[in-house]
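Examination of the molecular architecture
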Amino acid sequence: MRRSFAMLIAIPVACAAQSGAPLALKRITFYKSGVAVLQRSGKITPGSPTTITVAPKQMDYLLKSLRVTGSGGDAIEAVRFKAADWLNQRSALYPFSIEPATPLTGFLSQLPGAEVQLTVDGTALSGQIVSAGSSKASGVPTLLLFTSNGLENVDLRRASAVRLVNAKLNRQLTQYLGENLRAHLNPNSTVVLETRGTRSIRASYIQQAPVWKSAYRFTWLPSGGTLQDWAVINNDTNEDWNSVRISVATGSPRTEKTNLFQPDYSTDGSLEEYDMNSAAQRSQLSPEPSRHSVYTFPKLISLQAHHATMLAFPKAVVAARRAFEFDAGSDHTYATNVVDLQNTSANTLDDGVITVFDGQRYLGQGHVSPLASGARELIAYGYDDSVHLIDQADGETLSDRKNIHASHGKLTIKEVRTRSWDYAVKLTGRGRNSTPFPLDLIFKRAGFHWTIVSPATVNCEGLSCNAAFTISRPTQEVEVRQQRVRQSRHTITLDDAAVLEQEYFSGTEETRQQLAGIIHIIESYKGAAMAIAQAQTRVGNLELLESPVRKNIRTLNSVNGQAQTVQSLAGQLAALNQQVLRQRQRIQQIEQQKALLEKRFNAASHALNF
């Protein structure tokens, strides 16, 4: 029966992991994300645990990702390891601490009251430590000692030996120095796997590792070329690899950011108020890679610690063509040698340097971006002085074309803008990298939302597109055309009259029949709007005439003998009021007609279909 499980069982900090036979390294899979998956296997028996040893900085990765599989026997009973701050916790058991570069006075000052014996200038001296330090003025290390003669200052530069009289302190010092020496000689951390029965196991886990690098060698063939891919692998560990299966992968495995190796402590020592949710970080997983491929090298690899190796992928024949590229956005008039490469392998070609050869002749060096299986890329690897661009013949030309469609009250407007250039390309002599006629030429031109449509487009990336054509004569003129297409869709409104009228005169008979009625409604609507504007203008003019008449009436009412004049002005004001009333009634009638026209327009525009 085969079992698979993951486990973490911690023991008290002060407990050390037992020694055991190391689990042999069998397989490593390197990722471009800077981690590797290691697989180890071996046999475990009762009383003879097996171990995995890693650097302390790698323990967190191991504890989070450790997975053990096996068959036969009992299950794994325990996984034990020293906690991250084990040495610090052990140091707290001693009444002193010795850091790197700690002077003798620094050690003795931690033991006030301890009895010591010194040999000073060949003479024995005993007493209890009061204090120890160095003079600020002279820097002389001095020990203040309480002896049978009282307090004495001892110049430690004259002392040839210092011994602790207390047996317990001597024993603690011996243990302290021994533990620190062992930690210094073996700084790695060890995980111990134990079982109640005998079984064969395989353990896998993730570790930080150097990023594996890709390097390529491309050699031209009469048709296409050969591609040799190399993987550069580094062993930055202290462990030699012996007959290990190596795999390399693109993409990233899932990794957690929570630190399991470092113990968490409450800040105030209160267990009741300790919040586990705030003390432990949440696991954050990286997203699945969009591209992922794995290749396993068939030969087992042996590699010494702190050495590197280059492993060769199988040499493959790939689809490729020779070409030359012009960049219209640069000052260079000469062409660039280009490999139009298609990845016909099953694996992703990862980011790396590519060196191009023709037989044994070196041609140049370029760069490969990540290239999925089946994808193509133009790889430039150097200028060619035999192919260059002559001045433009005619310069830039522009043309516009617009298509309009209507359906369910929506207008779809498609605008196509075209611009073209005429160039002359010349092949001069046969330089080192020259190519016989005919030759393929790729013209690269940048433009925001512009696409090369003539000659046929090879590919567009970012703001630039590449167009390919063939030069069959020493000097040949070539036209390059770019095109930009803009398409918008919006609801038809009465403000689109000009556009609809333009389509009426340029459209088909069916289109004109559909637009005739709606254009008549638009014209009637415009007439009604104009009539309303005219009526509102008349109302404004009449109200201006009414204002001085009202003012005169108010003035003359207070003057004797002006009754007849007031009566005449009142008649004029009444006539003006009648005219204003008639204009307001007319505006109301036209507003009703306008609302009816708008309803008819909405119905007619929704029925449009051309």
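Values in this document were obtained by computation on a predicted structure and should not be read as measured data.

1. Observations regarding the overall build of the chain
Of the regular secondary structure elements, the chain holds eight helices and 32 strands. Out of the 610 residues belonging to the chain, those deemed buried represent 38%. Within the chain, counting contacts between residues at least 6 apart in sequence, those at least 24 apart form 73% of the total. In the form shown here, the chain has an accessible surface area of approximately 34400 Å², with 50% of it arising from carbon and sulfur atoms.

2. Notes on the packing of aromatic side chains
Following the criterion strictly, the structure yields seven aromatic pairs and no others. Arranged with centres 5.1 Å apart and planes meeting at 85°, the rings of tyrosine 295 and phenylalanine 297 form a pair that is edge-to-face. On the basis of relative accessibility, which here comes to 18%, the residue tyrosine 295 falls in the buried class. Ring centres of phenylalanine 297 and phenylalanine 313 lie 5.0 Å apart, and the angle between their planes is 50°; this geometry places the pair in the tilted category. Of this pair, phenylalanine 297 sits in the loop between strand 18 (294-296) and strand 19 (301-303) while phenylalanine 313 sits in the loop between strand 20 (307-312) and strand 21 (316-327); the two residues are 16 residues apart in sequence, bridging distant segments of the chain. Exposure remark for phenylalanine 297: the relative accessible area of 3% places this residue in the buried category.

3. Brief notes about the nonpolar core
Among the nonpolar cores identified, the biggest contains 34 residues, and Ile492, Leu515, Phe601 and Leu608 are the most heavily contacted of them. Sorting the residues of this core by element identifies strand 26 (397-407), strand 27 (410-427), helix 6 (497-506), helix 7 (509-556) and helix 8 (563-607) as the ones contributing at least two each. A total of 15 residues in this core trace back to one element, the largest contributor, which is helix 7. Excluding anything up to four places from it in sequence, phenylalanine 601 contacts Ile492, Thr493, Leu494, Ile518, Ile521 and Ile522. Counting residues in each nonpolar core, the second largest holds 33 residues, with Ile44, Tyr295, Phe297 and Phe313 among its members.

4. Describing the pairing of strand 11 (residues 150-155)
Of the strand pairs in this sheet, strand 10 (residues 141-147) and strand 11 are connected by six bridges, and their pairing is antiparallel. Paired with threonine 147 across the strands is glycine 150, a residue of strand 11. Linkage of strand 10 to strand 11, two consecutive antiparallel strands, is achieved through a turn of two residues.

5. Describing a nonpolar patch on the surface
On the surface, a cluster of nonpolar side chains totalling about 290 Å² of accessible area is made up of Val130, Phe146 and Leu151. Relative to the helices and strands, leucine 151 resides in strand 11. A relative accessible area of 59% means that leucine 151 is categorised as exposed.

6. Details of the confidence of the model for the chain
Mean pLDDT over the chain stands at 78; residues scoring 70 or higher make up 80%. With pLDDT under 50 throughout, residues 1-18 is counted as low confidence; its partners more than four residues away or in other chains account for 55 contacts.

7. Topic: the pattern of salt bridges
Within the structure shown, the criterion is met by 13 salt bridges. The closest approach of N and O atoms between arginine 40 and glutamate 239, which form a salt bridge, is 2.8 Å. In this pair, arginine 40 sits in strand 4 (residues 35-44) while glutamate 239 sits in the loop between strand 16 (225-235) and strand 17 (241-249), placing the two residues 199 residues apart along the sequence. The exposure class of glutamate 239 is partly exposed, given its relative accessible area of 30%. Measuring nitrogen to oxygen at the nearest pair gives 2.8 Å for the salt bridge that ties aspartate 121 to arginine 158. Here arginine 158 lies in the loop between strand 11 and strand 12 (159-164) and aspartate 121 lies in the loop between strand 8 (115-120) and strand 9 (123-134), a separation of 37 residues in the sequence.

8. Brief notes about the packing of helix 7 against helix 8
Relative orientation of the contacting elements helix 7 and helix 8 amounts to 160°, with a least axis distance of 8 Å. Classified by the angle between their axes, helix 7 and helix 8 sit roughly antiparallel to one another. Of the two possible hands of crossing, helix 7 and helix 8 adopt the one that is left-handed. For the contact of helix 7 with helix 8, the per-class residue count stands at 27 nonpolar, ten polar and ten charged.

9. Digging into unusual backbone geometry
A cis amide bond, omega -5°, links serine 454 with the succeeding residue proline 455. Mapped onto the elements, proline 455 comes out in the loop between strand 29 (451-454) and strand 30 (457-461). Although it is not a glycine, aspartate 121 sits at a positive phi angle of roughly 55°. The exposure class assigned to aspartate 121 is exposed, which follows from its relative accessible area of 52%.

10. Focus: helix 8
The end-to-end C-alpha distance of helix 8 is 66 Å, a good match for the 66 Å that 45 residues give at a rise of 1.5 Å each. Every buried residue of helix 8 is accounted for by Val566, Leu569, Leu573, Leu576, Val580, Gln583, Ile587, Ile590, Leu597, Phe601 and Ser605. On its buried face, helix 8 is in contact with helix 7.

11. Some thoughts on the sheet that holds strand 11
Paired through their backbone hydrogen bonds, the strands of a sheet run either parallel or antiparallel. Spatially, 11-10-9-8-12 is the arrangement adopted by the five strands of the open sheet, whose pairing is antiparallel. In the strand order of this sheet, the two ends are held by strand 11 and strand 12, each with one partner. On average, each strand axis in the sheet is inclined to that of its neighbour by 45°, with strand direction left out of account. Sheet topology note: the strand 9/strand 10 ladder contains six bridges and is antiparallel. Across the sheet, residue glutamine 128 finds its bridge partner in strand 10, namely phenylalanine 146.

12. Considerations on the side chain of glutamate 546
When you line up the elements, glutamate 546 lands in helix 7. A polar atom in the side chain of glutamate 546 sits 3.5 Å from the backbone nitrogen of asparagine 577.

13. Overview of the environment of isoleucine 28
By secondary structure assignment, the location of isoleucine 28 is in strand 3 (residues 24-31). Isoleucine 28 gets classed as buried once you look at its relative accessible area, which sits at 2%. Residues isoleucine 28 and serine 204, 176 residues apart in the sequence, show an inter-C-alpha distance of 9.3 Å. Those residues within four positions of isoleucine 28 in sequence are excluded, and the remaining contacts are Ala36, Val37, Leu38, Trp241, Val244, Arg245, Ile246 and Ser247.

14. Description of the packing of helix 6 against helix 7
At a minimum axis separation of 10 Å, helix 6 and helix 7 run at an interaxial angle of 145°. The two elements helix 6 and helix 7 cross, and the hand of that crossing is left-handed. In contact with Ala497, Leu500, Glu501, Glu503, Tyr504 and Phe505 of helix 6, helix 7 contributes Thr511, Arg512, Leu515, Ala516, Ile519, Ile522 and Lys526. Across the contact of helix 6 with helix 7, the residue classes tally to eight nonpolar, one polar and four charged.

15. Looking at the environment of arginine 489
Topologically, arginine 489 is positioned in strand 32 (residues 475-491). You can call arginine 489 exposed: its relative accessible area is 59%. Once the C-alpha coordinates of arginine 489 and isoleucine 413 are considered, the two residues, 76 residues apart in sequence, prove to be 6.4 Å apart. Contacts of arginine 489, omitting those with residues within four sequence positions, involve Lys410, Leu411 and Thr412.

Conventions used here
- Residues numbered from 1 in each chain as written.
- Predicted model: local features only at pLDDT ≥ 70, side-chain atom pairs only at ≥ 80, totals over all residues.
- Heavy atoms only, no water.
- Helix = DSSP H or I, 4+ residues; strand = E, 2+ residues; numbered from the N terminus.
- Buried < 20%, exposed > 50% of the residue type's maximum accessible area, 1.4 Å probe, protein only.
- Contact = heavy atoms within 4.5 Å.
- Areas by Shrake-Rupley, 256 points an atom, 1.4 Å probe, with all protein chains shown as cover.
- Phe/Tyr/Trp six-rings, centres within 6.5 Å; stacked < 30°, edge-to-face > 60°.
- Core = buried A, V, L, I, M, F, W, Y, C linked by side-chain atoms within 4.5 Å.
- Pairing = 2+ DSSP bridges.
- Patch = residues over 30% accessible without salt bridge, like charges linked within 9 Å, V, L, I, M, F, W, Y side chains within 5 Å.
- Salt bridge = Lys/Arg side-chain N within 4 Å of Asp/Glu carboxyl O.
- pLDDT = per-residue confidence, 0-100.
- Axes fitted to C-alpha atoms, helices over the stretch in contact; angles between N-to-C directions.
- Parallel < 35°, antiparallel > 145°, perpendicular 65-115°, else oblique.
- Left-handed = near helix turned anticlockwise from the far one by under 90°.
- Nonpolar A, V, L, I, M, F, W, Y, C, P; charged D, E, K, R; others polar.
- Expected span 1.5 Å × (residues − 1).
- Polar contact = N/O pair within 3.5 Å; in protein donor to acceptor, adjacent residues only side chain to side chain.

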